[in-house]
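Listed below are the residues making up each chain.
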Amino acid sequence: MTSTSERAPSHRKLAQAGTISLRFGLLALVAIGIAGAAFELAFERHWESMTQMIPWAALVLLTVALAMLAFGGSRTVTVVRVVALVVLLTAAYGVFVHISVNYGAGGSDSEWSTLSPLTQWWYAATKTVGFAPPLAPGMLAQSALMLLLASLTTKRRESAELEN
């Protein structure tokens, strides 16, 4: 029969492998989210004004932060987290702008003024009126959040150093 102390190292190695797999999975999902958002923006030709360039800048920041987290040392984690938070705020701004644009488009409907303000905002948020998809900036928020979560895991080298 094996003692508890003999099994402990194998449990630690298994937990470490799980953490590394989780980190790799999160980083892969961030990369997929960045690519998906870039394709969506390109398909929509989302570059006609300076405001429409904001998500492109956010994607560049996310890409740089992803590379820093994947290949950088432990010192880059704080920078990655700050960038991810900035992108989260940018995404929230994008949702607000999209809903506002849709709300403004509702004014062209003859029945718009007969609706309650709550109904008007609901229609704007659900894209019942307007053309701007309010959930599209959510792709940026999702990728930024996954990057934040990936920054909570440790790399194999750092885990090995902690054990020694």
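Every value quoted in this text rests on a predicted model; they were computed, and no experiment measured them.

Considering helix H5 (residues 137–151)
- Under the 1.5 Å per step criterion, the end-to-end length of H5 is 22 Å for 15 residues, consistent within 8% with the ideal 21 Å.
- Within the span of H5, buried status applies to Pro-137, Leu-140, Ser-143, Ala-144, Met-146, Leu-147, Leu-148, Ala-150 and Ser-151.

Considerations on the side chain of Asn-102
- One can find Asn-102 in helix H3 (residues 77–106).
- Residue class for Asn-102 comes out buried when judged on its relative accessible area of 0%.
- Polar side-chain contacts of Asn-102 include one of 2.7 Å to the backbone oxygen of Ala-132.
- With sequence-adjacent residues up to four places away left out, Asn-102 is seen in contact with Ala-124, Lys-127, Val-129, Gly-130, Phe-131, Ala-132 and Pro-134.

Concerning the nonpolar core
- Residues Leu-62, Leu-69, Val-87, Leu-140 and Leu-147 are the most contacted members of the largest nonpolar core, which totals 24 residues.
- Not counting residues within four places of it along the chain, the set of residues in contact with Leu-147 comprises Leu-27, Val-30, Leu-62, Ala-65, Leu-66, Leu-69, Val-80 and Ala-84.

Describing the packing of H3 against helix H4 (residues 117–125)
- Direction vectors running N to C along H3 and H4 enclose 120°, while the axes themselves pass 8 Å from each other. In terms of orientation, H3 lies oblique with respect to H4. Our pair here, H3 against H4, has a crossing hand that is right-handed. Together, Ile-99, Ser-100, Asn-102 and Tyr-103 of H3 and Gln-120, Trp-121, Ala-124 and Ala-125 of H4 make up the contact between the two elements.
- In the contact of H3 with H4, the residues fall into five nonpolar, three polar and no charged.

Notes on the packing of helix H2 (residues 54–71) against H3
- At a minimum axis separation of 9 Å, H2 and H3 run at an interaxial angle of 155°. Classified by the interaxial angle, the pair formed by H2 and H3 is roughly antiparallel. As for how H2 packs across H3, the hand of that crossing is left-handed. For the pair H2 and H3, contact is made by Ile-54, Ala-58, Leu-61, Leu-62, Ala-65, Met-68 and Leu-69 and by Val-77, Val-79, Val-80, Val-83, Val-87, Thr-90 and Tyr-93, respectively.
- When the residues that make up the contact of H2 with H3 are grouped by side-chain class, the tally is 13 nonpolar, one polar and no charged.

Some thoughts on the environment of Val-77
- Note on placement: Val-77 falls in helix H3.
- Exposure remark for Val-77: the relative accessible area of 17% places this residue in the buried category.
- The spacing of Val-77 and Leu-148 is 71 residues in sequence and 9.1 Å in space, taken between C-alpha atoms.
- Leave out the neighbours within four places in its chain, and Val-77 touches Leu-69 and Ser-151.

Analysis parameters
For every chain, the first residue of the written sequence is number 1, and numbering continues from 1 onward in sequence order. pLDDT decides what is reported in this predicted model: residues at 70 or higher carry local features, side-chain atom pairs at 80 or more are listed and counted, and totals for whole chains, interfaces and linings draw on all residues regardless. Processing note: side-chain calculations cover all non-hydrogen atoms of the structure and skip hydrogens and water entirely. Each helix is a run of DSSP H or I of at least 4 residues and each strand a run of E of at least 2, with the numbering of both proceeding from the N terminus. Here the expected span of a helix is defined as 1.5 Å times the quantity of residues minus one. Throughout this description, buried means an accessible area under 20% of the type-specific maximum (1.4 Å probe, protein chains only), exposed means over 50%, and partly exposed covers the range between. A 3.5 Å cut-off defines polar contacts: any pair of N or O atoms within that distance qualifies, except that in protein one atom must be a possible hydrogen donor and the other a possible acceptor, and neighbouring residues in sequence count only when both atoms are side-chain atoms. A contact between two residues is defined here by any heavy atoms of the two lying within 4.5 Å. Working definition of a nonpolar core: buried Ala, Val, Leu, Ile, Met, Phe, Trp, Tyr and Cys residues. They are joined through side-chain atoms within 4.5 Å. Only the stretch in contact is used when a helix axis is fitted, and all axes are lines through C-alpha atoms; the angle between N-to-C directions ranges over 0 to 180 degrees. Under this scheme an angle from 65 to 115 degrees is roughly perpendicular, one under 35 degrees roughly parallel, and one over 145 degrees roughly antiparallel; angles in between are oblique. With the far helix as reference, a near helix turned anticlockwise by less than a right angle produces a left-handed crossing, and one turned clockwise produces a right-handed crossing. Gly counts as polar in this scheme, as do all residues outside two lists: the nonpolar Ala, Val, Leu, Ile, Met, Phe, Trp, Tyr, Cys and Pro, and the charged Asp, Glu, Lys and Arg.

Keep in mind these values describe shape, not function.
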